[in-house]
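A look at the structure
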Amino acid sequence: FCTGTLISPTVIVTAAHCIDDAGASPAAYFGSDTTTTGTRISVAETRPHPEWIGMLSGGHDIGVMLLEQSVAPALAVPINTTELDASYLGAAYRVVGFGIHDAVTRELDGKKRTGDMQISLLAAGSDYLEASDDVTVICQGDSGGPGFLTIGGVEVLAGVHSYSIQGCDNPSGDTRV
């Protein structure tokens, strides 16, 4: 599975490659542990970025999932609208995901985790940013999950997890929202 972020009562943003892999009847889970009680809501429609053509496309690994019913508006997070320039290099970047938590055993236990990284690359002309840390990594199952920056005192969705180098090694790459 993948991770996503609620940005309005009926819209989740995630990675386009997650939409490709969602299957015929995708659903969204709301909770912190998929093995316990949580809320599942069916997805009515998926829309990858119009320029997404697959993992080898060189970008645009982002899309939306439209829910069949609304979720509490208070759960939605704001999206970054500030251009990210070199002044954001080294900025604190909070990441969230349901992915593999042990790169050696490859265990996927369904628990949501959060970690702290720093922005390490903002390539000019690219829709990606890269983040690194000595402890935290993005791994399978974290794809589509959020990367948060605090801008003007507000935590905003700045990136969507797209890739990590050679599986679960840093740096990790996010598509900028």
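Let us look at the structure shown here. (Residues numbered from 1 in each chain as written. Predicted model: local features only at pLDDT ≥ 70, side-chain atom pairs only at ≥ 80, totals over all residues. Heavy atoms only, no water.)

**Digging into the state of the cysteines**
Put simply, the test is: Throughout, a disulfide means two cysteine sulfur atoms within 2.5 Å of one another. Only DSSP runs of H or I covering at least 4 residues are called helices, and only runs of E covering at least 2 are called strands; the numbering of each starts at the N terminus. Only protein chains enter the accessibility calculation, which uses a 1.4 Å probe; a residue is then buried when its area is under 20% of its type maximum, exposed when over 50%, and partly exposed in between.
Following the criterion strictly, the structure yields one disulfide and no others. Two residues, Cys-2 and Cys-18, share a disulfide whose sulfurs are 2.1 Å apart. With the S-S dihedral at roughly -85 degrees, the linkage between Cys-2 and Cys-18 falls on the left-handed side. Of this pair, Cys-2 sits in the segment before β1 (5-8) while Cys-18 is found in helix α1 (residues 16-20), placing the two residues 16 residues apart along the sequence. Among the residues examined, Cys-2 registers a relative accessible area of 30% and is labelled partly exposed.

**Overview of the sheet that holds strand β3 (residues 27-30)**
This is how the line gets drawn: Any two strands are treated as partners once DSSP identifies two or more bridges connecting them. Interaxial angle, 0 to 180 degrees, is taken between N-to-C directions of lines fitted to C-alpha atoms, where a helix line uses only the stretch in contact.
Pairing is antiparallel in the open sheet, where five strands are placed in the order β1-β2-β5-β4-β3. Since the sheet does not close on itself, it has two edges, and those belong to β1 and β3, each with one partner. Taking each pair of neighbouring strands and ignoring which way they run, the sheet shows an average axis angle of 40 degrees. Both strand β4 (residues 39-48) and strand β5 (residues 63-67) contribute to a ladder of five bridges, which runs antiparallel. Residue Pro-48 lies in a different strand from β5, and its bridge partner there is Gly-63.

**Here we look at the pairing of strand β8 (residues 128-132)**
Taken across its five residues, β8 has four buried, putting it largely inside the fold. Two successive antiparallel strands, strand β7 (residues 113-121) and β8, enclose a turn made up of six residues, where Gly-125 displays a positive phi of approximately 75 degrees. Examined bridge by bridge, β8 and strand β11 (residues 169-176) share four bridges and lie antiparallel to one another. From the neighbouring strand, Tyr-128 faces β11, where its bridge partner is Thr-175.

**Things to note about the nonpolar core**
We count it as follows: Remark: nonpolar core denotes a set of buried residues (Ala, Val, Leu, Ile, Met, Phe, Trp, Tyr, Cys) joined through side-chain atoms within 4.5 Å.
Ranked by internal contacts, the top residues of the largest apolar core, which has 15 residues, are Leu-84, Tyr-88, Tyr-93 and Leu-149. Mapped onto this core, the elements with two or more residues apiece are β6 (92-97), β7, β8, β9 (146-151) and β10 (154-165).

**Observations regarding the environment of Val-13**
As a reminder, the rule being used: Residue contacts are counted whenever heavy atoms from the two residues lie within 4.5 Å of one another.
Note that Val-13 resides in strand β2 (residues 11-14). What makes Val-13 buried here is its relative accessible area of 6%. Placed 10 residues apart in sequence, Val-13 and Thr-3 show a C-alpha to C-alpha distance of 9.2 Å. In this view, Val-13 contacts Gly-4, Thr-5, Ile-7, Ile-62, Gly-63, Val-64, Gly-144, Leu-157 and Val-160; residues no more than four positions away in its chain are not counted.

**Some points on unusual backbone geometry**
One non-glycine residue, His-60, lies in the positive phi region at around 65 degrees. Among the structural elements, His-60 can be located in the loop between β4 and β5.

**Some remarks on the pattern of salt bridges**
To be explicit about the condition: Here, a salt bridge means any side-chain nitrogen of Lys or Arg that lies within 4 Å of a carboxyl oxygen of Asp or Glu.
This structure, assessed with the given rule, holds four salt bridges. A salt bridge links Lys-111 to Asp-33, with the nearest nitrogen and oxygen atoms 3.7 Å apart. With Lys-111 in the loop between β6 and β7 and Asp-33 in the loop between β3 and β4, this pair connects stretches of sequence that are 78 residues apart.

**Details of the side chain of Asp-142**
Convention followed: Definition of a polar contact: a pair of N or O atoms within 3.5 Å, with one able to donate and the other able to accept a hydrogen when the atoms are protein atoms, and with sequence-neighbouring residues admitted only if both atoms are side-chain atoms.
Examined against the element boundaries, Asp-142 turns out to sit in the loop between β8 and β9. There is a polar contact of 2.7 Å between the side chain of Asp-142 and the backbone nitrogen of Gly-99.

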